[in-house]
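# Secondary and tertiary structure notes
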Amino acid sequence: MELDMKILQLEIYGDSKLTINQLLGIYDVKKEDLFPYHQYASWLLEKFDQVFLNHVPREENRMADALANLATMMALGENESTKVHVCHRWVIPGLLDLQINESHHTSVWVIEEED
């Protein structure tokens, strides 16, 4: 959205020290299933003139902590179910469009319309 608005300086705050340090290049991405997300995020960050990545510990961000606790409290029990409407059926944009020379790819397929 910021790119569409021509905003080229970005400040990002996150409570995952691992994710922030991976995007900063301090830590390597070791989980293979997270590599496409890291690759896509890195590709997006390169489009900005200036990016500031900041780690905010969860205990210093009460709103995020409250939302996380609320989500935990609202978790469904073993015999409960709910419907989740899917707005988008992709997880990340096709990596082939990004001209990345890696073979990692994530796809989501609808198996049954009711599923």
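Computed from a predicted structure; not experimentally measured.

Parameters at a glance
Residues numbered from 1 in each chain as written. Predicted model: local features only at pLDDT ≥ 70, side-chain atom pairs only at ≥ 80, totals over all residues. Heavy atoms only, no water. Helix = DSSP H or I, 4+ residues; strand = E, 2+ residues; numbered from the N terminus. Areas by Shrake-Rupley, 256 points an atom, 1.4 Å probe, with all protein chains shown as cover. Buried < 20%, exposed > 50% of the residue type's maximum accessible area, 1.4 Å probe, protein only. Contact = heavy atoms within 4.5 Å. pLDDT = per-residue confidence, 0-100. Patch = residues over 30% accessible without salt bridge, like charges linked within 9 Å, V, L, I, M, F, W, Y side chains within 5 Å. Salt bridge = Lys/Arg side-chain N within 4 Å of Asp/Glu carboxyl O.

### Some remarks on the overall build of the chain
Regarding its fold elements, the chain presents 3 helices and 2 strands. Just so you have it, the chain exposes about 10,000 Å², and 52% of that area is on carbon and sulfur atoms.

### Let's talk about helix 2 (residues 35-45)
Along helix 2, the residues classified as buried are Pro36, His38, Gln39, Tyr40, Ser42 and Leu45. Residues of helix 2 that are buried sit in contact with strand 1 (9-14), helix 1 (17-24) and strand 2 (50-55).

### A short note on the confidence of the model for the chain
Of all residues in the chain, 72% have pLDDT values of 70 or greater, and the mean over the chain is 77. Ranking the elements of the chain by mean pLDDT puts helix 3 (residues 62-73) last, at 75, and helix 1 first, at 94.

### Notes on unusual backbone geometry
With a phi angle near 65°, Lys6 is a residue other than glycine that sits in the positive phi range. Along the polypeptide, Lys6 turns up in the segment before strand 1. Classification of Lys6 by relative accessible area gives exposed; the value is 67%.

### Quick look at a nonpolar patch on the surface
Taken together, the side chains of Met63, Leu67, Leu70, Met73 and Met74 make up a nonpolar region of the molecular surface, amounting to roughly 600 Å² of accessible area. Secondary-structure assignment places Leu67 in helix 3.

### Some remarks on the environment of Leu23
If you trace the backbone, Leu23 turns up in helix 1. Given the relative accessible area of 23%, Leu23 is considered partly exposed. Along the primary structure Leu23 and Leu45 are separated by 22 residues, whereas in three dimensions their C-alpha atoms are 9.0 Å apart. Not counting the four nearest positions on each side in its chain, Leu23 is found in contact with His38, Ala41, Ser42, Leu45 and Leu53.

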